[in-house]
Amino acid sequence: MEEKKFPIYKYWATWKQDDLDYNNGFSSSIMFKEYKTEDELNKLLQEIIQKNAYEKYTDKNPVLIDSGIEFKEEESWCLRWFNHYTYNLFKTDEEVKKSFNEFIERKIKQNWENGHYQTERKEGNSNPFYCFMGAEDRWRWNICRCEHCQEVGKITIDH
Ligand SMILES: [Zn+2]
């Protein structure tokens, strides 16, 4: 099958709040079917901050310190919290796993090339490192078939 790569953006925010003596925050990534404009991205970021900081900790007086959203890469799978998802359409579970396997192999190779698995180059290595959150262990893979995934037309592999 024809496999597509989709634009993936990373976004983050940190803030102070009354009940913590350290900064609270989040960082994650998101895949879209199409590229987004700067305005669309900023609007989305504001909505995420509104929901996950201002509304969630409304009685803790959150004060934003830093936030941003930027293009990360075009890829076939996008990392979330211990899962990856894609908008690619597959006919069988075998196709799903084959695609995900190729993606993992590609990222492992990238990490090697960036010097992350050679112990002597580990320290102070500022090259991009792809974090798998367990996805490199194939026995963890579990294809999600929940309503939410079906509703938005994505395929998720939990790991
Ligand atoms: Zn799901």
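Residues numbered from 1 in each chain as written. Predicted model: local features only at pLDDT ≥ 70, side-chain atom pairs only at ≥ 80, totals over all residues.

## Structural notes on the overall build of the chain
Here is step 1 of the chain: Check the secondary structure of the chain and you find three helices and seven strands.
Here is step 2 of the chain: If you list the helices and strands of the chain from N to C, you get β-β-α-β-β-β-α-β-α-β.
Here is step 3 of the chain: When its C-alpha atoms are laid out on the principal axes, the chain stretches across 50 × 45 × 30 Å. (Helix = DSSP H or I, 4+ residues; strand = E, 2+ residues; numbered from the N terminus.)

## Points about the pairing of strand S5 (residues 83-86)
Here is step 1 of the chain: Covered by surrounding structure in S5 are His84 and Thr86 only, the residues Asn83 and Tyr85 on the alternate face being uncovered.
Here is step 2 of the chain: In this sheet, S5 lies alongside strand S4 (residues 78-80) in antiparallel orientation, the contact comprising three bridges. Looking across to S5, one finds that Cys78 is bridged to Tyr85.
Here is step 3 of the chain: Linking two consecutive strands that pair antiparallel, namely S4 and S5, is a turn of two residues; a positive phi of about 55° is found at Phe82 within it.
Here is step 4 of the chain: As defined by bridge partners, S5 adjoins strand S7 (residues 155-158) across four bridges and the pair is classed as antiparallel. The residue of S7 that forms the bridge with His84 is Ile157. (Buried ≥ 20, exposed ≤ 12 C-beta atoms within 10 Å, placed from the backbone. Pairing = 2+ DSSP bridges.)

## Structural notes on the nonpolar core
Here is step 1 of the chain: If you look at the biggest cluster of nonpolar residues, it comprises eight residues: Met31, Trp77, Cys78, Leu79, Phe100, Ile104, Ala135 and Ile157.
Here is step 2 of the chain: Those elements giving two or more residues to this core turn out to be S4 and helix H2 (93-113).
Here is step 3 of the chain: Sequence-distant contacts of Phe100, that is, excluding residues within four places in its chain, are made with Trp77, His84 and Ile157. (Core = buried A, V, L, I, M, F, W, Y, C linked by C-beta atoms within 7 Å. Contact = placed C-beta atoms within 7 Å.)

## A few points about the confidence of the model for the chain
Here is step 1 of the chain: Per-residue confidence for the chain gives a mean pLDDT of 94; residues scoring 70 or more make up 97%.
Here is step 2 of the chain: For the chain, the element scoring lowest by mean pLDDT is helix H3 (residues 147-152), at 94; strand S1 (residues 6-16) scores highest, at 98. (pLDDT = per-residue confidence, 0-100.)

## Regarding the sheet that holds S7
Backbone hydrogen bonds are what pair the strands of a sheet, in a parallel or an antiparallel way.
Here is step 1 of the chain: An order of S4-S5-S7-S6 is seen for the four strands of this open sheet, with the pairing classed as antiparallel. At either end of the open sheet lies a strand with only one pairing partner, and these are S4 and strand S6 (142-144). Looking at each pair of strands side by side, their axes are set apart by 30° on average, direction ignored. (Axes fitted to C-alpha atoms, helices over the stretch in contact; angles between N-to-C directions.)

## So, the sheet that holds strand S2 (residues 24-31)
Here is step 1 of the chain: Taking strand neighbours across the sheet as the criterion, the three strands line up as S2-S1-S3 in an open arrangement whose pairing is antiparallel. Both outer strands of the open sheet, S2 and strand S3 (63-75), are each paired with one neighbouring strand and no more. Direction aside, the axes of adjacent strands within the sheet are offset by 10° on average.
Here is step 2 of the chain: The sheet contact formed by S1 and S3 spans eleven bridges and is antiparallel. Note on S3: the bridge partner recorded for Lys16 is Val63.
Here is step 3 of the chain: Against the sheet, helix H1 (residues 38-55) contacts S1, S2 and S3, and its axis sits at roughly 130° relative to S3.

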